[in-house]
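Listed here are the chains, written in short residue letters.
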Amino acid sequence: MRAIIKAAEWTLGPETAEGAPREPMYEAECASCGESSGATDGEQLPAEVWALKHTGAHPSHRTYRAIITSFWRVSPAEGNPYRELEAQ
Ligand SMILES: [Zn+2]
């Protein structure tokens with residue numbers, strides 16, 4: 001996804017820095033006890049499986065918060081003075 005807001009002269013897009021995750025991170029958090037699956041890169045299934053197993057072990061824990069994390073970066077657009085400064 002890439003969007004340009006001309007008045008602001010900034011662009012918003014995915015973070016491309018080295019080491020930044022390219023895919024969203026998925027995590028399930030139990031609403032009853034707060035226990036978490038931990039975040040997994042790019043795959044939703046491990047968090048889903050964790051939630052099913054967690055309810056299996058704690059049958060009264062049935063509500064989860066699904067946390068999906070992506071990283072964005074705002075960069076100077078064409079004509080923005082920061083663009084020329086950063087290019088030097
Ligand atoms: Zn729980």
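Preceding block: the structure.
The present account deals with the structure reproduced in this document. (Residues numbered from 1 in each chain as written. Predicted model: local features only at pLDDT ≥ 70, side-chain atom pairs only at ≥ 80, totals over all residues.)

### Some points on the overall build of the chain
And step 1. The secondary structure content of the chain amounts to 2 helices and 6 strands.
And step 2. When the helices and strands of the chain are placed in sequence order, the string is β-β-β-β-α-β-β-α.
And step 3. Taken against the 2.2 N^0.38 rule, which gives 12 Å for 88 residues, the C-alpha radius of gyration of the chain at 19 Å runs more than 25% over that of a compact globule.
And step 4. In terms of overall dimensions, the chain has a C-alpha envelope of 60 × 25 × 20 Å along the principal axes. (Helix = DSSP H or I, 4+ residues; strand = E, 2+ residues; numbered from the N terminus. Rg over C-alpha atoms; globule rule 2.2 N^0.38 Å.)

### A few points about the sheet that holds strand β5 (residues 64-69)
Remark on secondary structure: sheet strands pair via backbone hydrogen bonds, oriented parallel or antiparallel.
And step 1. The strand order across the open sheet formed by 3 strands is β4-β3-β5, and the pairing between neighbours is antiparallel. This sheet does not close on itself; its edge strands, each paired only once, are β4 (40-41) and β5.
And step 2. Running over the sheet, helix α1 (residues 45-57) touches β3 (25-30), β4 and β5 and is turned about 15 degrees from β3. (Pairing = 2+ DSSP bridges. Contact = placed C-beta atoms within 7 Å. Axes fitted to C-alpha atoms, helices over the stretch in contact; angles between N-to-C directions.)

### Some details on the nonpolar core
And step 1. Residues Y26, A28, A47, W50 and Y64 constitute the largest nonpolar core, which totals 5 residues.
And step 2. Of all the secondary structure elements, the ones that give two or more residues to this core are β3 and α1.
And step 3. If we skip the residues at most four places from it in the chain, Y64 touches A28, E29, C30, A31 and A51. (Core = buried A, V, L, I, M, F, W, Y, C linked by C-beta atoms within 7 Å. Buried ≥ 20, exposed ≤ 12 C-beta atoms within 10 Å, placed from the backbone.)

### Description of α1
What sets the pattern is the α-helix's 3.6 residues per turn: residues three or four places apart point alike.
And step 1. Across its 13 residues, α1 extends 18 Å between first and last C-alpha, which sits within 8% of the 18 Å expected from 1.5 Å per residue.
And step 2. Along α1, the residues that are buried comprise A47, W50 and H54. Seen end-on, α1 carries its buried residues on one side only, within an arc spanning 55 degrees. Looking at α1, the residues exposed on the side facing more than 90 degrees away from the buried face are L45, V49, L52, K53 and G56. (Expected span 1.5 Å × (residues − 1). Arc of directions from axis to C-beta.)

### Thoughts on the environment of R22
And step 1. Within the element layout of this structure, R22 appears in the loop between β2 (10-14) and β3.
And step 2. The class for R22 is exposed, based on 11 C-beta atoms found within 10 Å.

Fair warning: the whole summary comes from geometry, so function is off the table for now.
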